[in-house]
Every structure is written in C-alpha cells, then in structure tokens.
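# Geometric and topological summary
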Amino acid sequence: MSRDFFREVNRRDFLKICGGVAAAIGLSEASVPEVAEVLAASSKKPPVMWFEFGSCSGCSTSFLNADAPNAVDVLLNHLSVRYAEVLMAAAGDLSEQIIADTMKNEAGEYILLVEGSVPTKPGYGMIGGRDFFEVLKETASKAKAVIALGSCSAFGGIPGAKPNPADVKPVSEIIGKEKVINLPGCPSNPSWLLTTVVHLLMFGMPELDSYGRPKMIYGQCIHDNCERRASFDEGNFVEQYGDEEIGRDYCLVKVGCKGPNTFSNCPQIRWNGGKSWCVAVGAGCIGCVEPSWPEAFMPFHDRLPDIALPGYAGLRADADLIGTVLGAATAIGIGAHLIGAAAKGKLGKHETVDEKAKTEA
Ligand code: SF4
Ligand code: SF4
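Our subject in this report is the structure included herewith. (Residues numbered from 1 in each chain as written. Chains lettered and ligands numbered in written order. Predicted model: local features only at pLDDT ≥ 70, side-chain atom pairs only at ≥ 80, totals over all residues. Heavy atoms only, no water.)

## Overview of the overall build of the protein
- In terms of regular secondary structure, the protein is built from 16 helices and 9 strands.
- The 361 residues of the protein split such that 52% are buried.
- Across the protein, contacts joining residues at least 24 apart in sequence account for 75% of those joining residues at least 6 apart. (Helix = DSSP H or I, 4+ residues; strand = E, 2+ residues; numbered from the N terminus. Buried < 20%, exposed > 50% of the residue type's maximum accessible area, 1.4 Å probe, protein only. Contact = heavy atoms within 4.5 Å.)

Right, dumping it as structure tokens:
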C-alpha cells in the first residue's frame, strides 16, 4: 500500500491523537510521549488484515472519513495494513497470496479486523471461492487478536435481525471469545479502533465486559454523561420531533432516546472529529452499540415501556445488568426503559406508537 495515498499527519495533530488515546485508555497526560513512541515505532508496526463480510462497509467509511484527529493517517502510517478489501489495489490471485503470505510469515503477530457479520449458510458470501466462515476460522487461528469492528461483526447487527436468511452470526460465535475484542457501533467510531490498537500494542488485551467490549470505551452509561441530563433531571422533555425544545437542550427520552440503556463514551469522544454526536444534534441515541440492537431498541423513535427492576432503586447499573434486562425483555416481547425516580412522575403515561395513533384517531 503506497504511503503517498495517505496524507502525513503533522506533529501537532499527532500529539493530539496521542493525548486522546492516552485519556481513553486512562493514562495521564505525562504518558502522551510514551503513546507517541508506540505509535511511531516502526518495529512495533503490527501487520493487519481487514476483511469485509456481511456488511454495508459503513465502518470502513466511518474510519476513512475521520479527519480530526486523523485516525486514518495514524493507523495506516503506523500499522502495516496487508489486506483491506475497500482500500487495496490487489485483486484475484494476488490478494489471496497476500492472505497466505501473512498467515505464513506473520503467524501469531497479525491483527485480524473483521467488519460485518458472518453468514453460516454456504454460498452466502465468499472470498476466493471459500465461504466467509471458513476464511474466518483459518485466518483467526493464527492471529494475535481479532477485532470485530461494528455491531454486525460483534453481535450480528442489522443482518442478524429477523428474518436473517443467511443465518448470520457474530464473529465470536464462529471462532469463540478467546481472542475477540468487540467494537460495536453502527458504525463503530474510528477512535475506538485507534484506542484499542494502541492498548494492544502497549499493554495487550484490554479489560472486556461480558459482551467482549473494552470497558475503557463501553464502561459508562450514555445517560450519565449526556449534556441534556440536567433537563432529564428537571423534567424538561421534547414531546415530539420538530419542537423548538430540541434546540434548547431538552431531554429526548420521550421521543425514543435509548441513552439510559446504552453504554459507550459517545458523549465524551463524540463523532466527526469530536464535533458532535447523535444526542447533540437532537436525534436521540438508538442504542447501536448494545448486543440486542436493533430489535430490542425498536421502534427507534418511540419511548420503550418502563420496566420495574426488583431491588433496583436508580439509574446506575453496569452494562451486564442492562443487557440481562434487555435480553429478558426482548424474550417476552417488550423493551426495557430505565427511568430515574425523579423524572418518573413527570414523564406521564407511556404510549406505544400504535396506541398514540389510536388516541389521535
Ligand atoms: S434520555 Fe437521552 S437525551 Fe435524555 S439525558 Fe438521557 S441520554 Fe440524554
Ligand atoms: S449515541 Fe447511541 S446511537 Fe449514537 S453512536 Fe453512540 S451508541 Fe450509537
């Protein structure tokens, strides 16, 4: 892959990226030079193979659009990307030879990046005449680590929702959880990949939650860090899309925000180079990083029914508890919606989309 294809980062941008990565990993500012050294050290450039399975390539697009900090430049100048279907010029026999050579010469060293879910029915997705699931099993067996990038790869995502004709599965269901780091999101944030790779280089595997997600990224509830949280606590809610209150930072829970059910650092790291994120633009969080997404979080713009949690007094719980609740709720055909005691009285009766339509008729 030609270096000329990508712009070089200037030192200021580079240190900014290193500072962001250090903060995400939980290191102090004093560690920024160390992070910079790891990113810059050519001897630590790990080989990477990036496969596209059952996906829309949205995570690649998200990654390639990143510009401030310029994760693309950093990753592609400081990793040795051997195979990446949406980027590389190689095709046919040459591209298959690259896979074989990387497996032979870099066994135990390369990072396997998988975007997209894995069809388990033969013939639903192939590379070089072999089914995706065969290619995955073979290449993962010699990888140092496997990063499941995006919700499809991590949990099945949209291809895994009903009716799922290809019987797609997440990566960890094909190769086991041992080497897999899940970075869900629809799409995954470019900084999550950067942070995870740097953690792998500096410290090895990051600490994961029970869904295989790094706790440094997915350890906090969105609702806890949301800029509209004061409105939630005060009972100031947007009642419907188009209300001027959207622009006045009123809480979006009544128009379907799933922030109380969702765990990631979106409010802090944000998107588009740290400029904005879903809730800031008035769209509400749809819970795209969670294991039971999308089905347990639909309708996206409808408030999910409240659910009483025995012994659960407030909103603070970890992702594992929320996941269990959502899983159980999905199994019985309803969603979970955790509402703080302070706001509960102000939210009023919950109506589903169907009920609202009936009332209005
Ligand atoms: S419900 Fe959504 S908009 Fe309201 S405070 Fe929580 S995360 Fe923010
Ligand atoms: S705010 Fe919610 S919907 Fe938006 S990217 Fe983050 S987890 Fe996904």
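Next comes the rest of the account.
## Some details on the pattern of salt bridges
- Under the defined criterion, the tally for this structure stands at 12 salt bridges.
- The partner of K254 in a salt bridge is E239, with the nearest N and O atoms 3.1 Å apart. In this pair, K254 is assigned in the loop between α12 (229-234) and α13 (266-269) and E239 in the loop between α12 and α13, connecting sequence segments 15 residues apart.
- Salt bridges linked by common partners bring D209, R213 and E290 together as one network. (Salt bridge = Lys/Arg side-chain N within 4 Å of Asp/Glu carboxyl O.)

## Things to note about the sheet that holds strand β3 (residues 111-115)
- With parallel pairing, 5 strands are arranged side by side in an open sheet as β2-β1-β3-β7-β9. At either end of the open sheet lies a strand with only one pairing partner, and these are β2 (80-84) and β9 (180-183). Averaged over all pairs of adjacent strands, the angle between their axes in this sheet comes to 20 degrees, without regard to strand direction.
- Docked against the sheet, helix α5 (residues 92-105) engages β1 (47-52) and β2, running at close to 135 degrees with respect to β2. (Pairing = 2+ DSSP bridges. Axes fitted to C-alpha atoms, helices over the stretch in contact; angles between N-to-C directions.)

## Here's the deal with the site of ligand 1
- Residues in close proximity to ligand 1 total 13 residues, the closest being H223, C226, C251, L252 and C257.
- Those elements that place two or more of their residues in the shell around ligand 1 are α11 (222-225) and α12.
- Broken down by class, the residue content of the shell around ligand 1 amounts to 9 nonpolar, 2 polar and 2 charged. (Near = heavy atom within 4 Å. Nonpolar A, V, L, I, M, F, W, Y, C, P; charged D, E, K, R; others polar.)

## Concerning the state of the cysteines
- If you walk through the whole model with that rule in mind, you get 0 disulfides.
- The thiol of C59 is not disulfide-bonded; the next cysteine sulfur, from C186, is found 6.8 Å away.
- For C152, which is in no disulfide, the shortest distance to another cysteine sulfur is to C186 and amounts to 5.8 Å. (Disulfide = S-S within 2.5 Å.)

## Overview of helix α6 (residues 132-141)
- Three or more residues of α6 are buried, namely F132, F133, V135, L136, T139 and A140. On an axial view of α6, the arc spanned by its buried residues comes to 155 degrees, and they lie on one face. (Arc of directions from axis to C-beta.)

## Some details on the site of ligand 2
- Lining the immediate environment of ligand 2, one finds I222, T262, C266, W271, W277, C278, C285, I286, G287, C288 and V289.
- Here the shell around ligand 2 is composed, by residue class, of 9 nonpolar, 2 polar and no charged.

## Let's talk about the packing of aromatic side chains
- Counted by the stated rule, this structure contains 9 aromatic pairs.
- Ring geometry for W192 versus W271: centroids 5.8 Å apart, planes at 75 degrees, classification edge-to-face. On the criterion of sequence distance, the pair formed by W192 in helix α9 (residues 190-203) and W271 in the loop between α13 and α14 (319-331) is long-range, its members being 79 residues apart.
- Cluster of aromatic residues (ring-pair linked, three or more members): F51, F53, Y83 and F132. (Phe/Tyr/Trp six-rings, centres within 6.5 Å; stacked < 30°, edge-to-face > 60°.)

## Re the pairing of β3
- Of all 5 residues making up β3, 5 are buried, and the element is well covered by its neighbours.
- Residues of β3 alternate between two faces, with I111, L113 and E115 on one and L112 and V114 on the opposite face, all of them buried.
- Note: β3 against strand β7 (residues 145-149), 5 bridges, orientation parallel. Bridge pairing in β7 places I111 opposite A145.

## Examining the nonpolar core
- With 50 residues, the main nonpolar core has I147, L183 and L193 as its most contacted residues.
- Examining the composition of this core, we find that 8 residues originate from one element, α9, more than from any other.
- Counting only domains with at least three residues in this core, you end up with domain 1 (3-217) and domain 2 (222-360).
- Counting 25 residues, the second largest nonpolar core, distinct from the first, contains F53, V114, V118 and F133. (Core = buried A, V, L, I, M, F, W, Y, C linked by side-chain atoms within 4.5 Å. Domains from an automatic or database assignment.)

## Side note on unusual backbone geometry
- A cis geometry characterises the amide bond from C186 onward to P187, with omega recorded as 5 degrees.
- Here P187 lies in the loop between β9 and α9.
- Cis geometry marks the peptide bond from W293 to P294, where omega comes out at 10 degrees.
- Even without glycine at this site, N164 takes up a positive phi of about 50 degrees.
- Considering the arrangement of structural elements, one finds N164 in the loop between α7 (151-155) and β8 (168-169).
- With a phi angle near 50 degrees, D167 is a residue other than glycine that sits in the positive phi range.
- Mapping D167 onto the fold places it in the loop between α7 and β8.
- Exposure remark for D167: the relative accessible area of 31% places this residue in the partly exposed category.

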